[in-house]
Amino acid sequence: MSPRRGGGFRTILNLVRRGLGGKQGDGRQYVSWIHEHDFVRAVRFLIEREIEGPVVVSAPDAVPNEEFMRTLREAWGKRIAVDAPRWLLEIGAFLLRIETELVLKSRRVAPSRLLDAGFTFRYPTWSEAARDLVGRVKNKGVTPLLAIW
């Protein structure tokens, strides 16, 4: 998740800002995410330690969609929002030429190899990450990725 324009976080945040940031579908599907700072730090960690093979690079706190959206609304200061039922997502997906699976499929992954190798997350929970990302959007404090590296 990054507060940069055109990214997935900004798209989701724009829904929240417009009052459309409720749960998608039944809201029980898990959302795996990672804060941009932790992503860059994790890639660097893996390179420096020459860790080979597949490694899940995701925060350890996958959350259900309903909680994910509620936490983002709270970070933005929006209390209520309109939910997006499956039929509405189907229409939106058709218009955007994407698959509803991108929103409705549950993705609950864990960064086991990363944690076992000793990596520590700066933003291990979605609530911490959401507050930071929203704060950076509000304050226009988007750090260049090379500065993170």
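Residues numbered from 1 in each chain as written. Predicted model: local features only at pLDDT ≥ 70, side-chain atom pairs only at ≥ 80, totals over all residues. Heavy atoms only, no water.

J.: I'd like to hear about the side chain of arginine 136, residue by residue, with values.
T.: Position of arginine 136 relative to the elements: it lies in helix α7 (residues 126–139). Given a relative accessible area of 8%, arginine 136 falls into the buried group. One polar contact links arginine 136 to glutamate 36, side chain to side chain, over a distance of 2.4 Å. (Helix = DSSP H or I, 4+ residues; strand = E, 2+ residues; numbered from the N terminus. Buried < 20%, exposed > 50% of the residue type's maximum accessible area, 1.4 Å probe, protein only. Polar contact = N/O pair within 3.5 Å; in protein donor to acceptor, adjacent residues only side chain to side chain.)

J.: Tell me about α7, residues and numbers included.
T.: With 14 residues, α7 extends 20 Å between its outermost C-alpha atoms, agreeing within 8% with the 20 Å of an ideal straight helix rising 1.5 Å per residue. Those residues of α7 that sit buried are Trp126, Ala129, Ala130, Asp132, Leu133, Val134, Arg136 and Val137. In the core, the buried residues of α7 are packed alongside α1 (8–17), α2 (36–48), β2 (63–64) and α3 (65–76). The positive-phi residue at the C-terminal boundary of α7 is lysine 140, with phi of around 55 degrees. (Expected span 1.5 Å × (residues − 1). Contact = heavy atoms within 4.5 Å.)

J.: Which residues make up the packing of α3 against α7, and what are the values?
T.: Between α3 and α7, the shortest axis-to-axis distance is 9 Å and the interhelical angle comes to 40 degrees. One way to sum up the angle between α3 and α7 is to call them oblique. For the pair α3 and α7, the crossing hand works out as right-handed. Only Trp126, Ser127, Ala130, Arg131, Val134, Val137 and Lys138 of α7 make contact with α3, whose side of the interface consists of Phe68, Thr71, Leu72, Ala75 and Trp76. A breakdown of the residues in the contact of α3 with α7 according to their chemical character gives eight nonpolar, two polar and two charged. (Axes fitted to C-alpha atoms, helices over the stretch in contact; angles between N-to-C directions. Parallel < 35°, antiparallel > 145°, perpendicular 65-115°, else oblique. Left-handed = near helix turned anticlockwise from the far one by under 90°. Nonpolar A, V, L, I, M, F, W, Y, C, P; charged D, E, K, R; others polar.)

J.: Summarise the layout of surface pockets; cite the residues concerned and give the values.
T.: Counted as a void, the largest pocket has a volume near 930 Å³. Forming the boundary of the largest pocket are 30 residues, of which Ile12, Leu15, Gln24, Leu89 and Val103 lie nearest the centre. Mapped by element, the contributors of at least two residues to the lining of the largest pocket are α1, β1 (30–31), α3, α4 (86–96) and α5 (101–104). (1 Å grid on protein atoms, 1.4 Å probe; cavity = no way out; pocket = protein on both sides within 12 Å on 5 of 7 lines; lining within 4 Å. Points joined across faces, edges and corners; volume = space filled by probe spheres on them.)

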